[in-house]
Amino acid sequence: QVQLVESGGGLVQAGDSLRLSCVASGDTFEQDSLGWFRQSPGKERKFVASITWSGNTLYADSVKGRFAISRDNPKKTTYLQMNSLKPEDTGVYYCGVNFGGSFKDQKNFIWWGQGTQVTVSS
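Worth saying up front: this structure is predicted, and the values here are computed from it rather than measured.

Cut-offs and rules
Residues numbered from 1 in each chain as written. Predicted model: local features only at pLDDT ≥ 70, side-chain atom pairs only at ≥ 80, totals over all residues. Heavy atoms only, no water. Buried < 20%, exposed > 50% of the residue type's maximum accessible area, 1.4 Å probe, protein only. Helix = DSSP H or I, 4+ residues; strand = E, 2+ residues; numbered from the N terminus. Pairing = 2+ DSSP bridges. Contact = heavy atoms within 4.5 Å. Polar contact = N/O pair within 3.5 Å; in protein donor to acceptor, adjacent residues only side chain to side chain. Axes fitted to C-alpha atoms, helices over the stretch in contact; angles between N-to-C directions.

> Summarise the pairing of strand β8 (residues 77-82); cite the residues concerned and give the values.
Judged by how many residues are buried, β8 sits mostly within the fold: five of six residues are covered. Note: strand β3 (residues 18-24) against β8, six bridges, orientation antiparallel. When the bridges of β8 are listed, L18 appears paired with M82. As judged from the six bridges shared by strand β7 (residues 67-72) and β8, these two strands associate in the antiparallel manner. Across the sheet, the residue bridging to D72 is T77, located in β8. If you look at the hairpin formed by β7 and β8, you'll find four residues sitting between the two strands, and K76 has a positive phi there, around 50°.

Printed below as a string of structure tokens:
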């Protein structure tokens, strides 16, 4: 079993930047592919970005060019650098481990963390 802990959220203004972190426990991090999802009240989690064990990345169209996902295997941490934030980026951000299938479908992820709140004011 893997435990994930997200951090780095906060209240910012439109145009600001934040960097989210997701620290993993366990011994399989180097072999794991991970993803970040955003959830707004009353809505399902939506795909934001993913990174495979080999470093390949994928982004939602809405964040391309503004967000960057990365990983630091010795620290068992994945990061989401968020630049030029917009009010529509507001939500709780979760990271999860992909167990196979499409990275854009939350059903293919397990071991979710508790999430970190990001609020972007206009």
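> Which residues make up the environment of Q114, and what are the values?
When you line up the elements, Q114 lands in the loop between β10 (109-110) and β11 (116-121). Looking at Q114, the relative accessible area reads 46%, which means it is partly exposed. In this structure, the C-alpha to C-alpha distance between Q114 and C95, residues 19 residues apart in sequence, is 8.6 Å. Here Q114 is in contact with L4, V5, E6 and Y94, once residues within four sequence places are set aside. A polar side-chain atom of Q114 sits 2.9 Å from the main-chain carbonyl oxygen of E6.

> I'd like to hear about the sheet that holds β3, residue by residue, with values.
Spatially, four strands are ordered β1-β3-β8-β7 in an open sheet, and the strand pairing comes out antiparallel. Of all strands in the sheet, those bounded by a partner on one side alone are β1 (4-7) and β7. Taking each pair of neighbouring strands and ignoring which way they run, the sheet shows an average axis angle of 15°. The pairing of β1 with β3 spans four bridges and is antiparallel. Considered in β3, the bridge of S7 is made with S21.

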